[in-house]
Amino acid sequence: EAQARAALDGMLDRVKACGLNTVILHVRANSDAYYRSTVFKPAATVKALIESGFDPLGYAVEAAHKRGLRLEAWVNPYRIGIDKSYAMVDDVFTAKNGSYTYYYYNPASLEAQALILRGVAELVNNYAIDGVQFDDYFYPSDTAALPTQTPASFEKAAYDAYRADGGTLDIQGWRRAQVDALVAGCYRKVHARSGCVFGIAPNCNISTNYNRYYADVEEWISNPG
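Residues numbered from 1 in each chain as written. Predicted model: local features only at pLDDT ≥ 70, side-chain atom pairs only at ≥ 80, totals over all residues. Heavy atoms only, no water.

*Asks:* What should I look at first to understand the packing of aromatic side chains in this one?
*Replies:* All told, the structure shown has 12 aromatic pairs when counted by the stated rule. Residues F134 and F198 carry aromatic rings whose centres are separated by 5.2 Å and whose planes lie at 90° to one another, so their mutual orientation is edge-to-face. Of this pair, F134 sits in strand β8 (residues 131–134) while F198 sits in strand β9 (residues 197–200), and the two are 64 residues apart along the sequence. Here F134 falls in the buried class, since its relative accessible area comes to 1%. Put simply, the rings of F93, Y100, Y102, Y104 and F154 pair up and form one aromatic cluster. Taking the ring centre of Y86 as reference, the NZ or CZ of K41 above it sits at 5.5 Å. (Phe/Tyr/Trp six-rings, centres within 6.5 Å; stacked < 30°, edge-to-face > 60°. Helix = DSSP H or I, 4+ residues; strand = E, 2+ residues; numbered from the N terminus. Buried < 20%, exposed > 50% of the residue type's maximum accessible area, 1.4 Å probe, protein only. Lys NZ or Arg CZ within 6 Å of the ring centre and 35° of its normal.)

*Asks:* Sorry if this is basic, but what is going on with the sheet that holds strand β1 (residues 22–28) here?
*Replies:* Strand pairing in a sheet relies on backbone hydrogen bonds. The paired strands run either parallel or antiparallel. Read across the sheet, 4 strands follow the order β1-β4-β8-β9 without closing on themselves; strand pairing throughout is parallel. Across the chains shown, the open sheet's two edge strands, defined by having one partner strand only, are β1 and β9. Within this sheet the neighbouring strands show an average axis-to-axis angle of 25°, counted without direction. Looking at chain direction, strand β4 (residues 70–75) and β8 are connected through 4 bridges and run parallel. Its bridge partner lying in β8, A73 is registered against V132. Packing of helix α3 (residues 56–66) onto the sheet brings it into contact with β1 and β4, and relative to β4 it is tilted by some 150°. Helix α6 (residues 171–191) contacts β8 and β9 of the sheet and is inclined by roughly 150° relative to β9. (Pairing = 2+ DSSP bridges. Axes fitted to C-alpha atoms, helices over the stretch in contact; angles between N-to-C directions. Contact = heavy atoms within 4.5 Å.)

As structure tokens, then:
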């Protein structure tokens with residue numbers, strides 16, 4: 001615990017000395033938590049700390065605010081990681097990222113969406129964070145796992161049911177609609193607390209976001225909420 005406090009203090013002192021005003025702290029890199037959570041398992045690197053009673057995020061928020069710094073919680077929403085045991089719902093799939101195979105939550109799964117929303121609400125309700133930030137991890141860009149013109153096996157039943165019910169979106173538009181639903185839901189959860197902000201750091205290429213990650217950035221910034 002003493003080493004963790006010293007590491008966080010040192011980081012925050014450097015941030016302050018650089019004249020910055022906000023820390024974006026990675027609190028969920030995969031389907032795990034660098035804080036005390038009832039929704040996700042603790043990340044392996046902080047499990048012993050949390051079990052001993054030390055909460056890295058709780059301490060970081062307090063220490064940041066003492067230095068006049070804002071602290072926003074950085075979350076990767078869909079990525080579970082290489083260990084499937086961290087999956088908190090069953091609706092998952094695999095995709096390549098470089099030389100690794102990762103597990104991901106199915107963005108079209110209402111159960112997965114509800115899990116991610118509970119995780120965001122837990123952060124906003126339990127910690128005096130100043131915001132929640134998403135990274136650019138939405139649908140993975142592995143076209144072998146996610147064909148661009150046809151549904152993948154893990155999503156085919158849901159997409160076929162959508163079309164049978166009169167839906168007109170092609171598979172790409174339907175995937176973007178799943179991400180839109182999560183983004184809108186997270187926006188509402190975060191803004192339920194006054195002064196708390198919600199942001200996303202997308203890939204720098206709009207076309208890549210739209211066509212590979214199914215993240216419609218222009219839609220998000222054009223429509224309040």
